[in-house]
Amino acid sequence: MERVRYGMVGGGEGAFIGAVHRMAARLDDAWELVCGAFSSNAARSQRSGEALGVPGARVYDDYRTMMAREALLPANRRMQVAVIVTPNRSHLPIALAAFGHGFHVLSDKPATATLDECRELAVALRHSGLRYGLTHPYSAYPMIREARARVMHGELGSVRKVLVEYTQGWLAEPIEHEGQKQAAWRVDPDYAGAGGAMGDIGVHAFQLAEFVAGQQVKQLAADLYRTVPGRRLDDDGTVLLRFDGGASGVLIASQIFVGDENNLRLRVVGEKAALDWNQLEPNSLWLKYGDRPAQLLRTGHPGTGGEAKAARRVPSGHPEGYIEAFGNLYREFALSLQQGTPTSVPGIGAALRGMAFVETAVASSAAGQAWRAMPGFD
Ligand SMILES: NC(=O)c1ccc[n+]([C@@H]2O[C@H](COP(=O)([O-])OP(=O)(O)OC[C@H]3O[C@@H](n4cnc5c(N)ncnc54)[C@H](O)[C@@H]3O)[C@@H](O)[C@H]2O)c1
């Protein structure tokens, strides 16, 4: 099978997530980095491309030039997928440029800066006939796939309660004023969009909750805070959720939880059993019952099903985590392009729902924590 040729926008020297994408893309040898516009600064893009071993002729000063020049190359050489790893506000124009030149898109989250932009993205995607994937890696952990399968097969009975928490401590102080580049754009609505913590990590928690519970949030009430003085976006918030299948829920997304790392925990409670998963111990999944001892399921150990087995690479006891989960998204997206294989990679539906979540939460909180309906999508 030929490797999928991709070009990267963003991810230059000093950037965070672009390097994770490149590692993930190499895990299964199914992808090849052929070009890039790695930075908003042309010289930095060139330096970054050189360091990555990308031929100079295919390191571009900006993404528009990259799309236009790549489209002129022979079909068997030009990139096939544009990977977007820039701050949120540029996701839409980059994706539109990619579709306009016939390239698929694999984008990091949140999909866009606003819900209106995401609707525009959805229309452009529909007209293009191309593919779009959104990298919510938590949904690709083996034990999350196991959890989802158990809910789907009815092992929990009907789901009654969902509790999802994503707490980090790195923005507890105003480090955006100390030259911390990742913090600086995340707290700036011009770059990040309408959501602070909600847009940055709340969208992950939201996607994970719907993905595993198998129900969609239909209404929410949010209580968001700008805890650190001077911030213009939320850095902490709690959201009450009502799901269309009858469950209720609570989502906490906070970046002022002093001392917390990427503390993402999901609990799903059904009539007969409950699930408990934490990203800090991602190869474990607790199943809890009312009438017998709890069970600890482990990645790669007997007791897991096909979905979890397909999402792991090494025997039990060898820890797998974030990069491998990202790699699963890359593997599945490649298969969907090469063989039309159905995929669990979040797509435009998840993109629209994530942006709707952010905007509905912000509106609800501004209206005094009022209940608000999530918009529906065709
Ligand atoms: N899925 C995840 O787990 C995850 C984790 C972290 C970040 N993210 C998302 O990834 C994106 C990037 O976040 P980050 O933390 O890596 O940011 P970052 O600030 O570390 O890196 C952003 C990069 O984009 C480049 N850039 C900006 N505008 C550009 C343009 N017009 N053309 C080319 N390059 C441009 C910058 O020069 C930089 O190299 C954000 O949307 C963020 O929400 C996702």
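Bear in mind the structure is a predicted one, so any value in this text is a computation, not a measurement. (Residues numbered from 1 in each chain as written. Predicted model: local features only at pLDDT ≥ 70, side-chain atom pairs only at ≥ 80, totals over all residues. Heavy atoms only, no water.)

1. Quick notes on the site of the ligand
Lining the immediate environment of the ligand, one finds 29 residues, of which Asn 88, Asp 108, Lys 109, Gln 182 and Tyr 322 sit closest. Note that an oxygen atom of the ligand is positioned 3.1 Å from one of the backbone N or O atoms of Thr 86. Between Lys 109 and the ligand, the recorded distance is 2.8 Å, taken from a backbone N or O atom to an oxygen atom. Taken together, the elements giving at least two residues each to the shell around the ligand come down to β1 (4–10), α7 (181–186), α9 (197–213) and α11 (322–339). Its residues assigned to classes, the shell around the ligand comprises 13 nonpolar, 11 polar and five charged. (Near = heavy atom within 4 Å. Polar contact = N/O pair within 3.5 Å; in protein donor to acceptor, adjacent residues only side chain to side chain. Helix = DSSP H or I, 4+ residues; strand = E, 2+ residues; numbered from the N terminus. Nonpolar A, V, L, I, M, F, W, Y, C, P; charged D, E, K, R; others polar.)

2. Looking at the packing of helix α1 (residues 17–26) against α11
It is at 8 Å that the axes of α1 and α11 come closest, and there the two elements cross at 65 degrees. It follows that α1 is roughly perpendicular to α11 by the angle criterion. Relative to α11, α1 is oriented so that their crossing is right-handed. Packed against α1, whose contacting residues are Ile 17, Val 20, His 21, Met 23, Ala 24 and Ala 25, the element α11 presents Tyr 322, Ile 323, Phe 326, Gly 327 and Tyr 330 at the interface. Its residues assigned to classes, the contact of α1 with α11 comprises nine nonpolar, two polar and no charged. (Axes fitted to C-alpha atoms, helices over the stretch in contact; angles between N-to-C directions. Parallel < 35°, antiparallel > 145°, perpendicular 65-115°, else oblique. Left-handed = near helix turned anticlockwise from the far one by under 90°. Contact = heavy atoms within 4.5 Å.)

3. Some details on the packing of aromatic side chains
Taken as a whole and judged by the stated rule, the model has 10 aromatic pairs. Both rings, one in Phe 206 and one in Phe 357, keep their centres 4.6 Å apart while their planes meet at 20 degrees; by these two values the pair is stacked. Note that Phe 206 is positioned in helix α9 and Phe 357 in helix α12 (residues 348–366), a separation of 151 residues in sequence. For the pair formed by Phe 206 and Phe 357, the shared burial category is buried. Taken together through their ring pairs, the aromatic side chains of Tyr 138, Tyr 141, Tyr 166, Trp 277, Tyr 322 and Phe 326 make up a single cluster. Directly above the ring of Tyr 191 sits Arg 89, whose terminal nitrogen or CZ lies 3.9 Å from the centroid. Between the NZ or CZ atom of Arg 292 and the centre of the ring of Tyr 289, over which it lies, the distance is 3.7 Å. (Phe/Tyr/Trp six-rings, centres within 6.5 Å; stacked < 30°, edge-to-face > 60°. Buried < 20%, exposed > 50% of the residue type's maximum accessible area, 1.4 Å probe, protein only. Lys NZ or Arg CZ within 6 Å of the ring centre and 35° of its normal.)

4. Digging into the pairing of strand β3 (residues 81–85)
Most of β3 is tucked away: five of the five residues are buried. Here β1 runs beside β3; their pairing, made up of five bridges, is parallel. Counted as the bridge partner of Gly 7 is Ala 82 from β3. (Pairing = 2+ DSSP bridges.)

5. Structural notes on helix α6 (residues 142–152)
Most of α6 sits out of view: nine of its 11 residues are buried. Positive backbone phi, approximately 85 degrees, marks Gly 154, located one or two places after α6.

6. Points about unusual backbone geometry
Residues other than glycine predominantly adopt negative phi, and peptide bonds predominantly adopt the trans conformation. The omega torsion across Lys 109 and Pro 110 is -15 degrees, close enough to zero to call that bond cis. Along the chain, Pro 110 turns up in the loop between β4 (104–108) and α5 (115–128). Backbone geometry places Asp 29, a non-glycine residue, at a positive phi of 55 degrees. Here Asp 29 lies in the loop between α1 and β2 (31–37). Accessibility expressed as a relative area gives 52% for Asp 29, which makes it exposed. With a phi angle near 60 degrees, Gln 369 is a residue other than glycine that sits in the positive phi range. Here Gln 369 shows up in the loop between α12 and β14 (372–373).

7. Some details on α11
Across its 18 residues, α11 extends 26 Å between first and last C-alpha, which sits within 8% of the 26 Å expected from 1.5 Å per residue. Of the residues one or two after α11, Gly 340 is the one with positive phi, at around 70 degrees. (Expected span 1.5 Å × (residues − 1).)

8. What about the sheet that holds strand β7 (residues 217–225)?
Strand order in the open sheet formed by nine strands is β13-β12-β11-β10-β6-β9-β8-β7-β14, with mixed pairing between adjacent strands. Looking along the sheet, the strands with just one partner apiece sit at the ends: β13 (295–298) and β14. In this structure, strand β6 (residues 159–167) lies alongside strand β10 (residues 263–270), joined through eight bridges in antiparallel fashion. Its bridge partner being in β10, Lys 161 is matched across the sheet by Val 269. Seen against the sheet, α6 touches β6, β10, β11 (273–278), β12 (284–289) and β13 and runs at an angle of roughly 30 degrees to β12. Against the sheet, α12 engages β7, β8 (236–243), β9 (248–254) and β14, with an angle of about 55 degrees to β7.

9. Comments concerning the sheet that holds β2
A sheet is described by the order of its strands in space; here five strands give the open sequence β2-β1-β3-β4-β5, paired in parallel fashion. Each edge of the open sheet carries a strand with a single partner, namely β2 and β5 (132–135). Across the sheet, the mean angle separating the axes of adjacent strands is 25 degrees when strand polarity is ignored. Taken together, the four bridges between β3 and β4 define a ladder with parallel strand orientation. Its bridge partner being in β4, Ile 84 is matched across the sheet by Ser 107.

10. Details of the pairing of β9
Taken across its seven residues, β9 has five buried, putting it largely inside the fold. In this sheet, β9 lies alongside β8 in antiparallel orientation, the contact comprising seven bridges. The residue of β9 that forms the bridge with Val 239 is Leu 251.

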